[in-house]
Structure formats: structure tokens, C-alpha cells
Amino acid sequence: MMQALKSPRLGGLSALSCVLIILPFTLSNSFQLDVAIQVGIAAIVVVGLNLLVGFAGQISLGHAGFMGMGAYMSAILSGTYGWSPLLALIFAAICVGGLAFLIGGPILRLKGHYLSMATLGLGIIIAIVINTESWLTGGPDGLVVEPLSLFGWALSPFDEYHLLGISLSGTQVWYILIASLLVFAVWLALNIIDSPTGRALRAVHGSEIAAQVVGVNTAHYKVKVFVISAVFASVMGSLSAHYTGFITPNIAGFHHSIELITMVVLGGMASTYGVILGAVILVLLPQVLADLQEFEMLAFGLILMVTMIFMPKGLLPTLLNLLNKPKQKTTSEEAA
Amino acid sequence: MLAELLQYLFTGVTLGATYALVALGFTLIYNASHVINFAQGEFLMIGGMSTFFLLEAGLPLPIAILLSVLLAGALGIALQKFAIAPAKNADVVTLIIITIGASIFLRGLAQLVWDKEIHAVPAFSGDTPLVIGGATLLPQNLWVLGISVIVVLALVYFFTRTLTGKAILATSMNADAAKLVGIKTQFILMLAFALSAILGAVAGVVVAPITFTAYDIGIMLGLKGFVAAAIGGLGNGVGAIVGGLILGVTETLAAGYISSDYKDAVPFVIILLILFFLPNGLFGSRSTERV
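Residues numbered from 1 in each chain as written. Chains lettered and ligands numbered in written order. Predicted model: local features only at pLDDT ≥ 70, side-chain atom pairs only at ≥ 80, totals over all residues.

## Examining the pairing of strand β4 (residues 160–163) of chain A
Residues and elements named next belong to chain A. Formally: Any two strands are treated as partners once DSSP identifies two or more bridges connecting them. Numbering goes from the N terminus for both helices and strands, where a helix is a DSSP run of H or I of at least four residues and a strand is a run of E of at least two.
Relative to strand β5 (residues 166–169), β4 runs antiparallel, the two being bridged by four bridges. Residue pairing across strands places Tyr161 opposite Leu168, the latter belonging to β5. Here β4 folds back onto β5, and the loop between the two strands holds two residues, one of which, Leu164, carries a positive phi near 50°.

## Focus: the interface of chain B and chain A
For clarity, the cut-off: A residue pair is marked as a contact if its C-beta atoms, positioned from the backbone, fall within 7 Å.
Listed by partner, the interface residues are 39 residues for chain B and 34 residues for chain A. Going through the elements one at a time, α4 (92–113), α9 (218–232) and α11 (266–277) of chain B are the ones with two or more residues in the side of chain B that touches chain A. Of the residues forming the side of chain B that touches chain A, the biggest block, 16 residues, is contributed by α4 of chain B.

## Things to note about the environment of Val214 of chain A
Residues and elements named next belong to chain A. The condition is simple: Buried, partly exposed and exposed are defined by the number of other C-beta atoms within 10 Å of a residue's own C-beta, namely 20 or more, between the two limits, and 12 or fewer respectively, with C-beta atoms placed from the backbone.
Assignment of secondary structure puts Val214 in the loop between α10 (208–213) and α11 (218–244). Using a count of 8 C-beta atoms within 10 Å as the deciding quantity, one classes Val214 as exposed. Put simply, Val214 and Pro147 are 67 residues apart on the chain and 50 Å apart in space, counted from C-alpha to C-alpha.

## Brief notes about α4 of chain B
Worth spelling out the cut-off: Multiplying one less than the number of residues by 1.5 Å gives the expected span of a helix.
Over its 22 residues, α4 of chain B extends 31 Å from the first C-alpha to the last, a length consistent with the 32 Å expected when each residue adds 1.5 Å. For α4 of chain B, the tally of buried residues reaches 16 of 22 residues, placing the bulk of the element in the interior.

## Considering the confidence of the model for chain A
Residues and elements named next belong to chain A. In plain terms, the rule: Looking at any residue, its pLDDT shows the predictor's confidence there, from 0 to 100.
With 94% of its residues at a pLDDT of at least 70, chain A reaches an overall mean of 88. Element-level pLDDT for chain A is lowest in helix α1 (residues 2–6), with a mean of 59, against a maximum mean of 96 in helix α4 (residues 63–79). pLDDT under 50 marks residues 328–336. Its contacts with residues more than four places away, or in other chains, come to 17 contacts.

## What to know about the UniProt feature "transmembrane region" (unreviewed entry) in chain A
Residues and elements named next belong to chain A. Where we set the bar: UniProt positions are given in the numbering used here, feature names are shortened, and annotations may be inferred rather than shown by experiment.
Per the UniProt record, "transmembrane region" (unreviewed entry) is found at residues 38–57, 89–108, 115–136, 173–193, 225–248, 260–285 and 297–316. Secondary structure across residues 38–57 comprises 90% helix and 0% strand; the distance between its end C-alpha atoms is 26 Å. Helix makes up 85% of residues 260–285 and strand 0%. Its end C-alpha atoms lie 14 Å apart.

## Side note on unusual backbone geometry
All names here are of chain B. Its identity as a non-glycine residue notwithstanding, His34 has a phi of 55°, on the positive side. Tracing the sequence through the fold places His34 in the loop between α1 (2–33) and α2 (40–56). Even without being glycine, Phe212 reaches a positive phi, approximately 70°. Tracing the sequence through the fold places Phe212 in the loop between α8 (185–211) and α9.

The structure is reproduced here in C-alpha cells:
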């Protein structure tokens, strides 16, 4: 029983669910709840990205491009062309997945810095297209997005809803939606990691040649995980567009890509709960640093450098290692 | 028609020379330490911004440039000593994020010490354009080209004729072996970062009168320099120069003949196409992987 509770799947998921259930009661206003939702959206994206970066060891410096594509396709299809948001979200996810599949083949043959260069280029091209085709995307001015709706039932953060006799604000309903999706995403990620695909990916990370020698079709698995992580980003891009009701090309920009990969590395690569911690910190940090005004950038850059220099493995794995040290049994497995 | 093409070529080669200098900076650091320094573009910004504000303070242009380049060199050394060296055995991604942190830090510092405005450094020798074949050439274009050529020749001399230059090459080939024959590799690494920062700052100062300068110009210039370095094959000096020129010329031609809105996308489209077919760049070694 104790063993089961300590496992990342059962123990971790129940701990995460508890935190997510208790959290809204500790938040005093809807602004804080809004920040929590932003954290949740980012967390789901990086749980997907971590499959690619942390487990398969492939760098992507362009994931915001996929998120931006999802967001803009959802916004345009549901707004300009009147599609149902759910259909638009699914169609966007299929398109983004298709693009990742097509481009993943040639890109993922690249190694190290060439791979970072190619993914970075891809992300920047998507951002520039969104920025330039303003007849469709509204360009740098941004685009207003319809609220999420399902079978005529619209979910706007500004409305009141009644569920099972309880009155909830739109933001609260969104929180429930994103929190449930986060638990689902973590469950899905843990399952993928524990499947033959996950083992193949870790083999690729360890040594790609060795994996090939024992018969792993490394190209196939790398493309697969690239597509999965791109779809995670696209779906969350769509949802985030409907939630905020307004998007700008920044969602696809280089900065956003860097933020996402930083969440993964800062929280702890190959640690599903670590990257959630990374998302929490990276979304909250600008809010905290905003008080510093003109020192904000300086402080942000400094914190990034210092954390990565002194905790190259990321926050959560480093903390867990510290906790486990007295017992002498340090296993990096526990970080998963 | 021909005049138009000539005009684009002038602009393209000037721009390309700048990219080549940035790409050489990437190459130097990459060879010495296998780090891709995402803060490389910030040295261009520091070169331009610092020169502008030293001129404002009343210093003559040559002194302002010299001080700015030295400042960048010192920051390059600091970057190596305080950010890269302590994280020696970190992953590629971790090092990327450290240098990105450094670039955000330097940008933050620049907007704090200087400001967030766009500034124009005055041209080194007037603005009277020369007309060649119907196309105009600004004196500053000639400065950019001339200084780039001088810098490249100086680098060639440094790496082939001086002991220190050869020591950097030796360290880049095999750091342990270099250490065994008595080369102070830590010093060499600092030197490589300083040189690379100086290259960046020189590029930043010479183009500042043409492209203007601001605290955030380093991001795009740095990324394009990285593209130029990757086109030729990372770590290849000749490749970096060729890559820079290819990039500058195609970018300008595309802006002129196709669409100026997509000017900034051109380098990234080129690099994706090249990497699709040549995963190690144009001149990269087709090395087999050792297991």
C-alpha cells in the first residue's frame, strides 16, 4: 500500500488531484484563479513537451509555433467561419499533428544544435506568417476569440453557471475544466512513459545507436512523440485562445517557445511533476517580479542563469535528491 | 533594372558581412567549448548602444568605439567565467537556457543603464552617397565591408601565425590533450569568449549607423548569425563567412523582389531547406558517429 502511494502514478496523481481540489479554496479572488488557470494551461503544454525533451532527449525551441497554430486555427474557424469550437479544436489538432508528422521526419534526423536550429526556425516562420497575414489573423493587433461553446452552451469567464445546484462563476468552471485536463494529461503522459513507446524513447535518449542496434525503430518513435507533444500544444493553444478571448502573435513567438522549454528544464527534465513545478514558477515569476518594474528583466535573466548553473538537473529532481540523501538510496526514477 | 539588382546586392553584401561577423563569433565559441551562445546578439547591441551613449557624453568616435568594444570583451569574459565555466558538465539544453538567461540579463541591464529608445549612431564619414552603375552606395557600407575584411584577415593571421591562436585551435580539437601539453585551457576559453564578444561588438558598431540600435536588436541579429553559422556547418570559419553572405544577399533579394514582410522569415526557410538535405550544413564534416 505504501509502495503504491509512493509510485508516480497512483501516489503522484492523488497528490496532484488533492492540490488541485484544495487550491481554489485558498485563492481569495478571481485574479488569482485566473493565474492558476494560466499555470494549468502552461503545465499541460510542458507535460507534453517533456515527453519529447525530457524522455526522448530531442530539443524543440519552436513549440510555441504549434500552440499558436492551434490557437489561431480555433479562433479563425470558430470566429470567421462559424465552426463549432470543439470541431475547430479537433481539426486544428489534426492539422498541427499532420504538420509535425510531415516535418518531423527530416527534422528529427538532425542532432543537437542543428535540431535546435531547425525547430527554432520552424517556430519563427509560423510566428512570422501569423504576424504578416493580417487579413486572416488580425496581424500584430491580435484577434478576438469566441467563447468556448458546446452544443449551444457557451462557457464564458464572465458568466454565472449553475451545476448540481451550486452557483459557479465562468472562471471557476474554466478552472475545473483545466484542472481535470491537467490530471488527465499527467495520467496520459505517465502511461506513455510506461508503455513500449516510452521505453523506446528512453532508449533513444540513452544512446540512439544502441537503441537501433537492439532493433528500435528510433525515427518512428521520435516522430511519434514529436506529433504527440505538438498535439498537446495545439489543443492547449485552442483552449487558451477561447479562455482569454483575445490572442496576439506573441503566443507563437520565439519568447514563448523559450518560456516553454525553460519550464521543462527548470522544473526538471524527464520529471512529469517537475515540469509542472516549472510551469508554476515561470508563470508566477513575472507576476512577482512586476513589482520590480525596470529591474524585472534583469532579475528574470539572473534567476534563470543562477538556477540552471546550480541545479542543472532542474528543481524537483535536485530537491528530491536532497531529501533522499540521508537515506543513501538516491534513485532518479522517483523523480518520474 | 540592373541598377536595382546592383542596389540589392550592395545592401545584401553589407548585411551579409555583418551576419558573417556574428556567425564567426558563434563559430569561435562553438569550437572552443561546444556551446551555442544565444547571448551573441547582445554583444552587437552593446557595441552599438555603448558607442552611441559615449558619443553623447562627448567622447570622440574612435575612443567611443574602442571603449565599447573593450566593454563587450570584458562582458564576454564575465559570461564565460561566471555562467559557462561553473556549468561545465551540463546538458546542451541547460547550456542553451543559461546563455538565454544571460541574454535576457544583458538586455535588462542595457535598458536600465541606457534606455529603451531607438538610436542612430552617426555615420563614420558622412552621408554623401557614391553612385555606381545607377545604384547608390553609402560610405558606411564601405566601412562595414572594409572592417569585416580586416577583421577576417586579422583572425586568419591570429589562428595560423600566433601561438595563442594555435592554442585556441588545439583546445577546440582536444581540450585534454591541450591541457597535457601545457595550454591553460580555462584561459583559452575566456579568450575565445572575449574575442567572440569583440567580433560581435565591432559588427554592432559598424552597422549601427545603417540599421540603428536599441536594447532589443540583439535577438533577431543573434538568431540570424546562428543561422549563418549553421548554413556553413557549425564550427567552420569559412562556412560562417559564406553563410553570412548567402543570408544577407538572399534576404535582401527576397525583400526586394518577393515580399518585404517575409524578409525576416527568409533565413529560417533557407536553413530548414539546407538542413533537410544536408544535416551538417554546407561545409560540415560528414562525420560518422562514434559510439
